[in-house]
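Residue-level structural notes
Take a look at the letters that make up each chain.
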Amino acid sequence: MTTRSSGDHHGNAASWYPQRRPHYGYGGGSASFRGCCCCLFLLLTFLALLALAVALVVVLVVKPRKPQFDLNQVSVQYLLVASPTSPAAAPAGVPGAAYLSLNITLLFTAVNPNKVGIRYGATAFDVMYHGVPLGVAAVPGFEQPAHSTRLLQTRVIVDHFNVLQADAQDLIRDAAIRDSVELRITGDVGAKILVLGFSSPKVQVSVDCAIAISPRSQSLKYKHCGVDGLSV
Ligand SMILES: *[C@@H]1O[C@H](CO)[C@@H](O)[C@H](O)[C@H]1NC(C)=O
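Read on for a plain summary of the structure. (Residues numbered from 1 in each chain as written. Predicted model: local features only at pLDDT ≥ 70, side-chain atom pairs only at ≥ 80, totals over all residues. Heavy atoms only, no water.)

Moving on to the overall build of the protein. Across its full length, the protein carries four helices and twelve strands. By residue count, 34% of the 232 residues in the protein fall in the buried class. Taking the contacts inside the protein whose residues are at least 6 apart along the sequence as the reference set, 71% of them involve residues at least 24 apart. As presented, the protein carries roughly 13,900 Å² of accessible surface, and 63% of it is formed by carbon and sulfur atoms. (Helix = DSSP H or I, 4+ residues; strand = E, 2+ residues; numbered from the N terminus. Buried < 20%, exposed > 50% of the residue type's maximum accessible area, 1.4 Å probe, protein only. Contact = heavy atoms within 4.5 Å. Areas by Shrake-Rupley, 256 points an atom, 1.4 Å probe, with all protein chains shown as cover.)

We now examine a nonpolar patch on the surface. Where nonpolar side chains cluster on the molecular surface, the patch consists of L40, L43, L44, F46, L47, L50 and V54 and spans about 680 Å² of accessible area. By secondary structure assignment, the location of L40 is in helix α3 (residues 22–62). (Patch = residues over 30% accessible without salt bridge, like charges linked within 9 Å, V, L, I, M, F, W, Y side chains within 5 Å. Salt bridge = Lys/Arg side-chain N within 4 Å of Asp/Glu carboxyl O.)

Let us look at the environment of R119. Of note, R119 is situated in strand β3 (residues 118–120). Overall, R119 belongs to the partly exposed group, its relative accessible area being 38%. Each C-alpha atom, one on R119 and one on F142, is 5.9 Å from the other, the two residues being 23 residues apart in sequence. What R119 contacts, discounting residues up to four positions off in sequence, is F142, E143, G190, A191, K192 and L194. One polar contact links R119 to E143, side chain to side chain, over a distance of 3.2 Å. (Polar contact = N/O pair within 3.5 Å; in protein donor to acceptor, adjacent residues only side chain to side chain.)

Okay, structure coming up:
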């Protein structure tokens with residue numbers, strides 16, 4: 001009867017259904033509402049899966065790789081170690097302080113092996129002697145196009161840095177006897193990979209190098225850089 005009436009007269013079906021068979025009427029309404037909801041749910045699921053598939057394809061096509069950031073070259077303008085008290089005047093030849101002045105140029109190489117661009121944040125590399133920060137080498141942030149190499153030059157100038165106590169003794173010994181002053185240059189470069197206007201989460205490339213400078217010849221003795229650590 002219900003099928004017949006709904007099929008025959010569509011117009012008045014709605015008017016008398018709720019009165020005579022409230023259950024059925026409401027049941028039918030909520031079923032269609034549920035169907036619509038289900039449709040919407042399926043559509044959203046489909047869209048989510050589509051987005052995921054697009055992201056996967058982008059990742060597979062782009063194959064994002066970690067950028068390389070290395071300390072390539074160090075040139076020494078000067079490195080001077082001065083001791084205010086002459087060894088003869090100080091008790092048992094132990095100096096209380098030593099002063100370090102430095103003017104060096106660092107050349108970094110940034111290599112982007114990706115098919116897409118990369119944005120680097122500004123970085124300040126610490127220059128340290130025995131773990132004591134002497135100064136920073138600042139590298140401004142920049143964008144690097146796909147498949148490219150870029151050289152970045154920065155200068156570190158330290159003027160009369162007062163190295164204290166035990167470090168001062170070591171510094172004077174390093175300079176006068178060993179003729180080799182070892183400095184450490186460390187810093188983390190934050191990079192973001194740019195895909196279709198979106199940027200990836202930050203990828204960190206670590207630079208950790210030890211350099212040794214000869215005060216006598218005012219030149220670089222060696223440069224050792226550790227394996228780049230990568231932490232996302
Ligand atoms: C550092 O060296 C460069 C190149 O020789 C020079 O132009 C600059 O004036 C020096 N800076 C200082 C503070 O000595």
